[in-house]
Amino acid sequence: MTAASKIAAAPVAQDKLRALGIMALNGMFDEMDALGVLRQAATELLAGDIAIVSSFGADSAVLLHLVAQVDPSMPVFFLETGKHFPETLAYVETLKRQLGLINVTALHPDPADLARFDPDGTLWETDPDSCCHIRKTEPLEPITEQFGGWVTGRKRFQTRERGVLPHFELTSDDRIKINPLAYFSDADVNAYKAEHGLPEHPLYAVGYKSIGCAPCTSIVAEGEDPRAGRWRGLNKKECGIHFDFNGAIAKPMAATAELKLFKDGAFTADPFRAWAEGDDPASVRYTHVPLPEFLAARDAFLANPHPLGLLVSSGDKVENVEGDLSRFASIAVRFPAFTDGRGYSTGRLLSERLGYGGELRAVGDVLQDQIPLMRRCGFNAFVVEHEPTRKALREGRLPEVSIFYQPVGTTEVPLGTRPYLRRAAPATR
Ligand code: SF4
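Scoring rules and cut-offs
- Residues numbered from 1 in each chain as written.
- Predicted model: local features only at pLDDT ≥ 70, side-chain atom pairs only at ≥ 80, totals over all residues.
- Heavy atoms only, no water.
- Pairing = 2+ DSSP bridges.
- Helix = DSSP H or I, 4+ residues; strand = E, 2+ residues; numbered from the N terminus.
- Axes fitted to C-alpha atoms, helices over the stretch in contact; angles between N-to-C directions.
- Contact = heavy atoms within 4.5 Å.
- UniProt positions renumbered as here; feature names shortened; annotations may be inferred.
- Buried < 20%, exposed > 50% of the residue type's maximum accessible area, 1.4 Å probe, protein only.
- Parallel < 35°, antiparallel > 145°, perpendicular 65-115°, else oblique.
- Left-handed = near helix turned anticlockwise from the far one by under 90°.
- Nonpolar A, V, L, I, M, F, W, Y, C, P; charged D, E, K, R; others polar.
- Near = heavy atom within 4 Å.
- Phe/Tyr/Trp six-rings, centres within 6.5 Å; stacked < 30°, edge-to-face > 60°.
- Lys NZ or Arg CZ within 6 Å of the ring centre and 35° of its normal.

Engineer: Explanation requested: the sheet that holds strand β4 (residues 149–151) in the structure shown.
Structural biologist: Read across the open sheet, the six strands follow the order β3-β2-β1-β4-β6-β5; overall the sheet is mixed. On the outer flanks of this sheet lie β3 (104–107) and β5 (168–170), each paired with one strand and no other. Strand-to-strand, the axes of this sheet are offset by a mean angle of 30 degrees, without reference to chain direction. Bridge analysis of β4 against strand β6 (residues 176–178) gives three bridges, and the strand direction is parallel. From the neighbouring strand, Trp150 faces β6, where its bridge partner is Lys177. Strands in contact with helix α2 (residues 34–45) are β1 (50–54), β4, β5 and β6; relative to β5, the strand with the most contacts, it is inclined by about 50 degrees.

See below:
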């Protein structure tokens, strides 16, 4: 072997040594409990050279409680993406106070990046990988350079992808990631929280089992993967900061299913699903139950403690469930075809005569021109399958309606034979 070939071979040998070192670490600490793993990492292996990145999500209290026991001044970084639930921001303060953490720093995205790549704050909807990149990976990058290791709260049970997660991982730039909770089960997490009286994230109780940014987090149904509510409907499982330290996420998604629920001026993840054959009326949750199914097992549905929705199809009589309307967090009215106007009447009946004040969504053949008319009839959410309509909504392009042949409510004046009655309507919502 020549000198040159020896030099060329050196990095390979070093890679092997590093990999062997990590294997040895995992072997040595395999049986150790989470507190022991973190203590070893923070006080022996990487003393003074370790940081924690916490999402302050549903399970974060457990890792942060371990940190507080080892060293409450250990650096903790919170990625303040600007897209968190207000409850999460409040929870940051609660945990800091309750656990006595004295070195928590919020990392914000670069305003110049936001202005350039996400001026209207909707990048999460069209390109979530890039959104995570500028809101999470980029702000974290300069921090990772300052530490030899970082601690994560990831666990094997959370997703199939994490099913082989070890206590120690080596990153491509020679840093070590430590996962003290790798072997924790869901039950372990809950038992730990209960044993130590740790405060729950305020949204956990309402069904958010894994909590990230608000637009990319939805409620998880019973039996679902706890992280199923993250980037629901998208082929995306991680925010990017866990792929590697070098921030090289921006791997294009293989398949992107568009978010279809348009509500409060934006496309958003949909916590509801359709009723399926075999669903149990007593335990189903976040499901739009067809009206005839509801009537057939009304008592069981009313005793069911979970949030429910109602699906109203053409021909269904909503008056038959008048007394139960407050039971539904969402009512979906089906528009089977562009030419079928019965859904408008149902919307008006529900919102004007029966006083339903919850989410009233239009589903089925929902097109751009219909949405202003649907809004006039009380609809406040729209499930949009039609791509040109989705594009128009994303771009804020909806036709104005100013003349009414069939006015609704009390403020609209009909287009009649008397010209003085022809008035422009107030702007549509
Ligand atoms: S989780 Fe969603 S909103 Fe948050 S940074 Fe990623 S794509 Fe953007």
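Engineer: Explain the UniProt feature "binding site: [4Fe-4S] cluster" (unreviewed entry) in the protein chain to me, please; I cannot follow it from the model alone.
Structural biologist: The UniProt record marks Cys131, Cys132, Cys213 and Cys216 with the feature "binding site: [4Fe-4S] cluster" (unreviewed entry), using the residue numbering of this structure. Across 86 residues, the annotated set stays spatially compact, with a maximum C-alpha separation of 10.9 Å. Locating Cys131 in the fold gives a position in helix α7 (residues 128–144). Not counting chain neighbours up to four residues away, the residues in contact with Cys131 comprise Asp118, Leu123 and Trp124. Along the chain, Cys213 falls in the loop between α8 (186–195) and β7 (261–263). With residues up to four places along the chain from it excluded, the contact list for Cys213 reads Thr81, Lys83, His84, Phe85 and Lys136.

Engineer: Can you help me understand the environment of Thr346 in this one?
Structural biologist: Mapped onto the elements, Thr346 comes out in helix α11 (residues 342–353). By relative accessible area, which is 15% here, Thr346 ends up buried. Here the alpha-carbon distance between Thr346 and Val333, two residues 13 residues apart in the chain, equals 7.4 Å.

Engineer: Would you mind going over the packing of α2 against helix α3 (residues 60–70) with me for this structure?
Structural biologist: When two helices pack together, their arrangement is captured by the angle between the axes and the distance separating the axes. The contact between α2 and α3 brings their axes to 10 Å, and the two run at 50 degrees. Taken together, α2 and α3 sit at an angle that is classed as oblique. As α2 runs across α3, the sense of the crossing is right-handed. From α2, Ala34, Leu35, Leu38, Arg39, Ala42 and Thr43 reach across to α3, where they touch Leu66, Val67, Gln69 and Val70. Per-class residue counts for the contact of α2 with α3 are seven nonpolar, two polar and one charged.

Engineer: Mind showing me how you'd approach the site of the ligand here?
Structural biologist: Around the ligand, the structure places ten residues, and the nearest of them are Pro128, Cys131, Cys132, Cys213 and Cys216. Among the elements that line the shell around the ligand, the one with the most residues is α7, at five residues. Taken together, the residues of the shell around the ligand sort by class into seven nonpolar, no polar and three charged.

Engineer: For this particular structure, what's the right way to read the packing of aromatic side chains?
Structural biologist: Each aromatic ring pair is described using two quantities: the centre-to-centre distance and the angle formed by the ring planes. A full pass over the atoms with the stated rule returns ten aromatic pairs. Ring geometry for Phe294 against Phe328: centres 5.0 Å apart, planes inclined by 70 degrees, an arrangement best described as edge-to-face. Of the two residues, Phe294 is situated in helix α9 (residues 291–296) and Phe328 in strand β12 (residues 328–335); the sequence distance between them amounts to 34 residues. Take Phe294: its relative accessible area is 0%, and that puts it in the buried class. Joined through ring pairs, the aromatic side chains of Trp275, Phe294, Phe301 and Phe328 make up one cluster. Residue placement shows Lys193 over the ring face of Tyr204; its charged tip is 4.5 Å from the ring centre.

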